[in-house]
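# Chains, contacts and geometry: an overview
One letter stands for each residue in the lines below.
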Amino acid sequence: MRPSQVMRSGGNTPLGMYGNTRLMQDGTGSQPQKGIVHYALSNNRQRPLAGTLNAAIFNTWRRFSHQVLYFAPPMVIAYYSMQWAIERNEYLNSKAGRLEFGEEE
């Protein structure tokens, strides 16, 4: 295979598609390659979302189970702290709480 001819202004070299001097055999401007195999699948045979729902359920459970110990204990502590504060406030504003702590607080 000999190299392509150098293109100079005013030359009589035949131009291919997009000003390429090579013969356009496959639409890209290069010779067809040998030893490369291309596989294709018809559009109506593809299933791009196959197994997505099943994988999403298990992936969500895996991610949740790995993160639950990072956010659950602070949430439990906050919940019980709020419950204690609400009960304490209700007691201090009751008749028994005012009698017991009326002069101190």
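Residues numbered from 1 in each chain as written. Predicted model: local features only at pLDDT ≥ 70, side-chain atom pairs only at ≥ 80, totals over all residues. Heavy atoms only, no water.

Taking an unreviewed UniProt entry as the reference, the chain is identified by name as Cytochrome b-c1 complex subunit 8 belonging to Hyphodiscus hymeniophilus. Reading the Sequence similarities (unreviewed entry) entry of the UniProt record for the chain gives the comment "Belongs to the UQCRQ/QCR8 family." Taken from UniProt, the Function (unreviewed entry) comment for the chain reads in full: "Component of the ubiquinol-cytochrome c oxidoreductase, a multisubunit transmembrane complex that is part of the mitochondrial electron transport chain which drives oxidative phosphorylation. The complex plays an important role in the uptake of multiple carbon sources present in different host niches." (UniProt positions renumbered as here; feature names shortened; annotations may be inferred.)

A few words now on helix α1 (residues 52-92). An ideal rise of 1.5 Å per residue puts 60 Å on 41 residues; α1 measures up with 55 Å between its terminal C-alpha atoms. At Val-68, α1 is deflected by roughly 50 degrees, the largest bend along its length. (Helix = DSSP H or I, 4+ residues; strand = E, 2+ residues; numbered from the N terminus. Expected span 1.5 Å × (residues − 1). Bend = angle between axes of the 7 residues up to and from the residue.)

Considering all chains together, one arrives at three aromatic pairs under this definition. Residues Trp-61 and Phe-64 carry aromatic rings whose centres are separated by 5.9 Å and whose planes lie at 40 degrees to one another, so their mutual orientation is tilted. Residue Trp-61 and its partner Phe-64 are both found in helix α1; the two are separated by three residues, about one turn of the helix. Using a relative accessible area of 57% as the deciding quantity, one classes Trp-61 as exposed. An aromatic cluster of at least three residues, connected via ring pairs, comprises Trp-61, Phe-64 and Phe-71. Over the ring of Phe-101 we find Arg-88; its NZ or CZ atom is 5.2 Å from the centre of that ring. (Phe/Tyr/Trp six-rings, centres within 6.5 Å; stacked < 30°, edge-to-face > 60°. Buried < 20%, exposed > 50% of the residue type's maximum accessible area, 1.4 Å probe, protein only. Lys NZ or Arg CZ within 6 Å of the ring centre and 35° of its normal.)

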